Amino acid sequence: MSDPDDSLALAEYTPGSAAVLTDAERWPTMDAAGAARLDRWRRHPAAPDWVHATGDRLTAEMVERTRRPLPTDGWLEEHLGAARNLLAYRGLGDLAALTDFPPITRQHLVDDLAAFVPLDADLDRMLHGTSSGSTGAALLIPDDVEEVARGFHLMVSLVRAQGIDWSPDGERFAVASVVFQRQAFTYVSLVSGFAHRAMARLNLDTGAWRRPGDRVAFLRDADPQVISGHPTSLAELLQPELRGVLRPLALFSGAMALSGPLRADLEEAYGCPVFDVYGLHETRPIAVRTDDGPFRVLDRRVHVEVLDAEGTVVPEGEVGEITVTAGENPLLPLVRYRTGDTGRLVRFADGGIGIADLEGRENTVFLAADGRRIPCVDLTQQLQTHGARGWSIEQAADGSIDARIVGGDADAVERVLSALLGRGVDVRRYERLIELGEGKPRRYRSAAG
Amino acid sequence: MAESEELLSAWSASAPPEDRAWEATVPGPSLAAVAARMASVPRSFLDARVSIAALAGDVLRPRLLAVSHEDDDRVRRGAAVGLWLVASEDLVEPFAPSVAAAPGIGRAVDALALRLSPVVDPWEWLSDDERREEAVRTFLLWAGLRPAGEDVTTARSLLEARDSLRRNAALAQAYAAHRHRDEIARRLAEARAKEAAARYSSE
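The model shown is predicted, which means the values in this text are computed figures rather than measured ones.

What counts, and at which threshold
- Residues numbered from 1 in each chain as written.
- Chains lettered and ligands numbered in written order.
- Predicted model: local features only at pLDDT ≥ 70, side-chain atom pairs only at ≥ 80, totals over all residues.
- Heavy atoms only, no water.
- Helix = DSSP H or I, 4+ residues; strand = E, 2+ residues; numbered from the N terminus.
- Buried < 20%, exposed > 50% of the residue type's maximum accessible area, 1.4 Å probe, protein only.
- Contact = heavy atoms within 4.5 Å.
- Buried area = accessible area lost by both parts, 1.4 Å probe.
- Salt bridge = Lys/Arg side-chain N within 4 Å of Asp/Glu carboxyl O.
- Polar contact = N/O pair within 3.5 Å; in protein donor to acceptor, adjacent residues only side chain to side chain.
- Arc of directions from axis to C-beta.
- Phe/Tyr/Trp six-rings, centres within 6.5 Å; stacked < 30°, edge-to-face > 60°.
- Pairing = 2+ DSSP bridges.
- Axes fitted to C-alpha atoms, helices over the stretch in contact; angles between N-to-C directions.

Moving on to the overall build of chain A. Broken down by element type, chain A carries 12 helices and 20 strands. When the backbone C-alpha atoms are referred to their principal axes, chain A occupies close to 60 × 55 × 45 Å. Per-residue burial for chain A yields a buried fraction of 55% across its 449 residues. Restricting to contacts in chain A with at least 6 residues of sequence separation, those with at least 24 account for 63%.

In structure tokens form, the structure reads like this:
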């Protein structure tokens, strides 16, 4: 991975380059049994070369606190009160009600992130989060240690609500978070609030393992109770060699649109529910579904509106842009965040709120000249590393590529995209996002993949 | 105020958080000794024709941020007062302990020039005892020192009580905003934050 002759190698994926803490700082409550477990997985004969080391950083008090969801009674009022003190809203007048707040976009966070972080935030709990597959600091998001830990317990509660007993089970991994990309952070960790059971982030790309057969051997031993990923990595679980050794209680899909056929294939292969979670790194999880119906908005600090192009709320049932007020991450209390995704609000029979016809989450696979399938996250990493603020990458049925970028180093992008896709790529560079036309600033399309 | 805010912003971007600066302080010379020395700054140091870049080159090893802002008279005077405190250890007598040898001596001169001058004109440091005390305390803090005989809590509360910025609500608010932005950027860039935490799902 750190091959100096590899023009696509990204420095931060060199093993250990971003790991600086001691294990006692990573898992403050770890006991001898936990340390032995960790050691065993780190040195497992079939383990990949772990690229990173990271823990959950929870003290005993935090472990207890994060077992319970944040209360939702009256949260929105409290949330708006905190938001009024953000630098971002200074001088904007009263902002009495939610709808008085002007909607914001990702670009607002890119331009002045700190204006959206409360002045009195506990910055000791702040971690460096980047949206999946991103490098090169296109958008840094301040993650909160406790919020990240609550994310695990949210998954547990969703699984248990289906009548499945997900509890620590021997030495089985609690979770395997799987990616499928050329380069990725991989690590093994312990879940402090789950009897210090192991979890890992794994790259299913066979190039990430030391020997053929290691991938299957490791996963057989790890025997993860739950596997999370995005559609590209979960699709890999359909490979017969993996089907033969995995027996998850549930699967979680996020980040990108999960197609109905893929969900059905996964359900059939593993006989377990597949949770399709809709959420952005900025907002945290918003809604979830386990079938092809509408997503159900989660019962947590999240409020969903649908807006038209002018920013006006559209009547329930009409299609518009999903706009989220999100209060789970105390370091980034968002009000009316335009997701760039479209959908419409619907009501479930029990009064719950749903999102139907959700569109916009990218899940594009490109076809390289030698037949390899290249997930768009690989392109995202390179585009952001070379400074592009936005892009439109389209592949025609004959495999040819139309690449347009906004900002960044066009020569470097041309070089890396050509190497990645094994074919000459011409890149046109623009100065302003609007020159890509209306819509999302990062877009992919492929008629070949 | 626009110029004052710009100077405070330049200071904010370069200075570590106050909490850390206080934690790092060690006992320094007496407040009275440094205040008396400050009051005796020679007129030649304050002459408008004196180049801070040249003076700093003679007196100090670290490069001063204030040099980039010396077209502002207040900055020039503020830096000159700080450079006098350093130079006076050779010209008059050394402080005990020395301020010139303090780890943050360059930052201490910048603090006078960029953090305090935009709020209180250096002429006032010379004419008003309380403002002079504020200047001395500011200087010592960023040098990495606290007045002899004071612990961190005492020294900190005494400087905060004299902080002139607090009396200028608009400027104080603007400065707080700069500090916040700089602090977030600094924290996110820290390796501790970069190691991040184990994540359980994709978003």
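Still more to cover.
What follows deals with the interface of chain B and chain A. Taken together, the contacts link 21 residues of chain B with 50 residues of chain A. Counting the surface lost from both chain B and chain A, the interface buries some 3,200 Å², and carbon and sulfur atoms represent 58% of this. Looking at the side of chain B facing chain A, the largest losses of area belong to E195(B), Y200(B) and E203(B), adding up to 29% of the total buried there. Counting every contact that joins chain B to chain A gives three salt bridges. In this structure, the salt-bridge partner of R187(B) is D124(A), at a minimum N-O distance of 2.8 Å. There are 10 residue pairs in polar contact (both at pLDDT 80 or more) connecting chain B and chain A. Per-element accounting of the side of chain B that touches chain A gives the leading share, eight residues, to helix α11 (residues 169-189) of chain B.

All names here are of chain A. As for its placement among the helices and strands, L58 is situated in the loop between α2 (32-42) and α3 (60-65). Judged by relative accessible area, which is 2%, L58 ranks as buried. For the pair L58 and R404, spaced 346 residues apart in the sequence, the C-alpha separation amounts to 43 Å.

Residues and elements named next belong to chain B. Mapped onto the elements of the fold, S88 is located in helix α6 (residues 73-91). Since its relative accessible area comes to 0%, S88 is described here as buried. A distance of 2.7 Å separates a polar atom in the side chain of S88 from a polar atom in the side chain of R37. Here S88 is in contact with R37, E93 and F95, once residues within four sequence places are set aside.

With that settled, consider α2(A). Residues and elements named next belong to chain A. Along α2, the residues that are buried comprise G34, R37, L38 and W41. The arc that holds every buried residue of α2, seen down its axis, measures 95 degrees, which confines them to one face. Packing partners of the buried residues in α2 comprise α1 (23-26), β4 (187-191), β5 (197-203) and α7 (214-222).

Let us now look at the packing of aromatic side chains. Residue and element names in this part refer to chain A. Considering all chains together, one arrives at 17 aromatic pairs over all chains under this definition. For the pair W50 and F218, a centre-to-centre distance of 5.8 Å together with 70 degrees between the ring planes defines the contact as edge-to-face. Here W50 is found in the loop between α2 and α3, whereas its partner F218 is found in helix α7, with 168 residues between them in sequence. Owing to a relative accessible area of 14%, W50 belongs among the buried residues under this scheme. Given the relative accessible area of 0%, F218 is considered buried. Among the aromatic side chains, those forming a connected cluster through ring pairs are W41, W50, F173, W209 and F218.

Further remarks concern the sheet that holds strand β20 (residues 442-446) of chain A. Pairing between the strands of a sheet comes from backbone hydrogen bonds, and it takes one of two forms, parallel or antiparallel. Residues and elements named next belong to chain A. One open sheet accounts for four strands, arranged β19-β18-β17-β20; its pairing is mixed. Each of the sheet's edge strands pairs with one partner strand only, and the pair in question is β19 (426-430) and β20. Mean inter-strand twist for the sheet, computed between neighbouring axes without regard to direction, equals 10 degrees. Lying over the sheet, helix α11 (residues 376-385) contacts β17 (390-395), β18 (401-406) and β20, oriented at roughly 140 degrees with respect to β20. In the packing of helix α12 (residues 410-421) onto the sheet, contacts are made with β17, β18 and β19, and the angle to β19 comes to roughly 145 degrees.

Further remarks concern the environment of P29(B). Residue and element names in this part refer to chain B. By the secondary structure assignment, P29 is in the loop between β1 (26-27) and α3 (31-39). When the C-alpha atoms of P29 and S68 are compared, they prove to be 30 Å apart, with 39 residues separating the residues in sequence. If we ignore the near neighbours within four places in the chain, the residues touching P29 are V34, F95, A96, P97, V99, L140, L145, R146, P147 and A148.

Residue P97(B) follows A96(B) across a cis peptide bond; omega there is -5 degrees. Relative to the elements of secondary structure, P97(B) occurs in the loop between α6 and α7 (105-116). Despite not being glycine, L95(A) shows a phi value in the positive range, around 45 degrees. Mapping L95(A) onto the fold places it in the loop between α4 (75-84) and α5 (106-112). We classify L95(A) as buried; its relative accessible area is 6%. Non-glycine residue A195(A) carries a positive phi angle of around 55 degrees. Within the secondary structure layout, A195(A) lies in the loop between β4 and β5.

Residues and elements named next belong to chain A. Taken as a whole and judged by the stated rule, the model has 53 salt bridges over all chains. Across the salt bridge formed by D144 and R125, the nearest N and O atoms sit 2.9 Å from each other. Highlighted residues: D144 in strand β2 (residues 140-144) and R125 in the loop between α5 and β1 (126-130), separated in sequence by 19 residues. According to the relative accessible area criterion, D144 is buried, its value standing at 1%.

Moving on, we get to the sheet that holds strand β11 (residues 302-307) of chain A. Residue and element names in this part refer to chain A. The strand order across the open sheet built from 12 strands is β4-β5-β3-β6-β7-β8-β9-β10-β14-β13-β12-β11, with neighbouring strands paired in mixed fashion. Each of the sheet's edge strands pairs with one partner strand only, and the pair in question is β4 and β11. The sheet shows a mean angle of 35 degrees between the axes of neighbouring strands, taken without regard to direction. As paired strands, strand β3 (residues 175-179) and strand β6 (residues 226-229) are joined by four bridges and run parallel to one another. Paired with V175 across the two strands is V226, which belongs to β6.

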